[in-house]
Amino acid sequence: MTHADTNQSPLRTQDPEVAAWLQREDRRQGNTLTLIASENHCSSAVREATSTRITDKYAEGYPNRRYYGGCEVADGIEELARQRAMQLFAGAEDANVQPHSGTTANLAALLALAGPGGRIVGMALKAGGHLSHGHDKSHTGMVFQARQYGVDATGRIDLDEVRRVVNEHQPKVLIAGGSSYARNIDYKAFAAIAKEVGAFLLADIAHPAGLMAAGVVPSPIGIADVVTMTTHKTLRGPRGGMILARKDVAKLINSAVFPGSQGGPLMQQIAGKAVAFGEALRPEFRTYQQKVKDHAAWLAECLMAQGLDIVTGGTDNHIVLVDLRRTDVTGAAVEERALAAGLSVNKNAIPGDPRPPMVTSGLRLGTAAVTTRGFGRDQIKSIADVITGLVRGADPERFRPTVQGLCEAFPLP
Ligand code: DSN
């Protein structure tokens, strides 16, 4: 029970309007199965840490080198988060836990490694990359001279194309990573391509960070010069970003985060990151991540067995990207139907998508959040049945009792 559930809640007493919205969000999450690949449910310990008084504290600078007094607690927490991060991603030589998000982590890393106006190469958003990898509507595509690579006809990264684009563009930074790419990335091959032109390799592991921390998928630590990530997806922490760097570039990275691109760090989020990293260091975390990965593979298998197409024919991580082109529905339509049935999913462009980004021919699914709720293979199969039914045009209301039953049997942490 939280304060908000009782009449003693300061929020409910002082601002019933906001309290009501937040309670509505509690109910929404409780009564919805989250299959958005970038979302998860962090623990109540993480949530508690993020709502503490340290939110009031300004701590511009870094531990023991701050621009404000009274930072001894901030120093202790930030250093703890950094040390835990380096233990979790063994081999990382430095950790910056201040980025507010994955996008600001990427901006800082690019500023540090490419410099303003520098040349960068990343994977195109429509191929499975991320906006902050040089998309022309992102600051990373405006501030830097960006070129992008795509995927081959099977939906996998085409290393020959990466090499061709890199050789033509001669970037200072090559980015490996994506937001809807369901396959492992050959970081050693990327590092070799970067080396051919003297570029830094930046690996963005925002999505598979938790799987990598647990060692259930290959990681770029020790291969890439710099690794960026978010802390709230598979890593199951609070919202935020993080950068791991080799020692020789750590100073550049730290200066690019503060003062280069951010002001005061969000100390309450850093406290939450420290808690989440502590959780991730426990043996149960590895078991959890193995299940996340197995569930995604099983979900892809169940959907394919029912006749749906999956980009690349499966997955190596927590993401399943459904290709709807052979059906008569769009990603947007299935997203809407799914919501009516109680499933939170997102429409997503697939490689070569003929439809615009707000419509799309794809559906991106992820298994991190439902695995946190305790789902097993049977429940994943039920989800596959619901999604197939929705794609085939069944009335979403038909599935609402099934979904509600799963929500009640597997409550939020
Ligand atoms: N929100 C991230 C994702 O969904 O992958 C992208 O910014």
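Structure's up top.
Note that the structure is predicted; figures quoted are calculated from it, not measured.

Novice: What's the story with the overall build of the protein in this structure? I'm lost.
Specialist: Across its full length, the protein holds 16 helices and 15 strands. Along the three orthogonal principal directions, the C-alpha set of the protein runs to about 60 × 60 × 35 Å. Burial analysis of the protein (413 residues in total) assigns 57% to the buried set. At a minimum sequence separation of 6, the contacts of the protein that also span at least 24 residues come to 70%. Accessible area for the protein stands at about 17,600 Å²; split by element, carbon and sulfur atoms hold 52% of it. The positive charge centre, built from 45 side chains, and the negative charge centre, built from 42, are 1 Å apart in the protein.

Novice: Hey, could you run me through the packing of helix H7 (residues 159-169) against helix H8 (residues 187-196) in this one?
Specialist: Helix packing geometry: the angle between the two helix axes and the distance between the axes. Contact geometry of H7 with H8 gives a least axis separation of 10 Å together with a crossing angle of 20 degrees. When the axis of H7 is compared with that of H8, the two are roughly parallel. With respect to the hand of their crossing, H7 and H8 are arranged in right-handed fashion. For the pair formed by H7 and H8, the contact residues are Leu159, Val162, Arg163, Val166 and Asn167 on the first element and Ala189, Phe190, Ile193 and Glu196 on the second.

Novice: So what exactly am I meant to see when it comes to the site of the ligand here?
Specialist: Lining the immediate environment of the ligand, one finds Ser38, His130, Ser179, His207, Lys233 and Arg364. With respect to the ligand, the side chain of Ser38 contributes an N or O atom lying 2.7 Å from an oxygen atom. A distance of 2.7 Å separates an oxygen atom of the ligand from a polar side-chain atom of His130. Considered on its own, the ligand offers 230 Å² of accessible surface; in the complex 62% of this is hidden by protein.

Novice: Help me understand helix H13 (residues 331-341) in this model?
Specialist: Working note: α-helix, 3.6 residues per turn, so residues spaced by three or four point in the same direction. Taken as a whole, H13 has its buried residues at Gly331, Val334, Ala338 and Ala341. Viewed along the axis of H13, the buried residues span an arc of 85 degrees, placing them on a single side of the element. For H13, the exposed residues lying more than 90 degrees away from the buried face are Glu336 and Leu339. Elements that come into contact with the buried residues of H13 comprise strand S13 (343-344), strand S14 (346-347), strand S15 (362-366), helix H15 (377-391) and helix H16 (400-409).

Novice: Which parts of the structure should I look at to understand unusual backbone geometry?
Specialist: It is generally the case that most residues other than glycine have a negative phi and that most peptide bonds are trans. Following Phe258, the chain continues into Pro259 via a peptide bond in cis, with omega recorded as 5 degrees. Inspection of the secondary structure assignment puts Pro259 in the loop between helix H10 (247-257) and helix H11 (267-280). In this model, Thr312 sits at a positive phi of 70 degrees, which is unusual for a non-glycine residue. Tracing the sequence through the fold places Thr312 in the loop between strand S11 (309-310) and strand S12 (319-323). Of note, Thr360 is a non-glycine position whose phi angle comes to about 60 degrees, a positive value.

Thresholds, definitions, all that
- Residues numbered from 1 in each chain as written.
- Predicted model: local features only at pLDDT ≥ 70, side-chain atom pairs only at ≥ 80, totals over all residues.
- Heavy atoms only, no water.
- Helix = DSSP H or I, 4+ residues; strand = E, 2+ residues; numbered from the N terminus.
- Buried < 20%, exposed > 50% of the residue type's maximum accessible area, 1.4 Å probe, protein only.
- Contact = heavy atoms within 4.5 Å.
- Areas by Shrake-Rupley, 256 points an atom, 1.4 Å probe, with all protein chains shown as cover.
- Lys, Arg positive; Asp, Glu negative; His and termini not counted.
- Charge placed at Lys NZ, Arg CZ, Asp CG, Glu CD.
- Axes fitted to C-alpha atoms, helices over the stretch in contact; angles between N-to-C directions.
- Parallel < 35°, antiparallel > 145°, perpendicular 65-115°, else oblique.
- Left-handed = near helix turned anticlockwise from the far one by under 90°.
- Near = heavy atom within 4 Å.
- Polar contact = N/O pair within 3.5 Å; in protein donor to acceptor, adjacent residues only side chain to side chain.
- Arc of directions from axis to C-beta.

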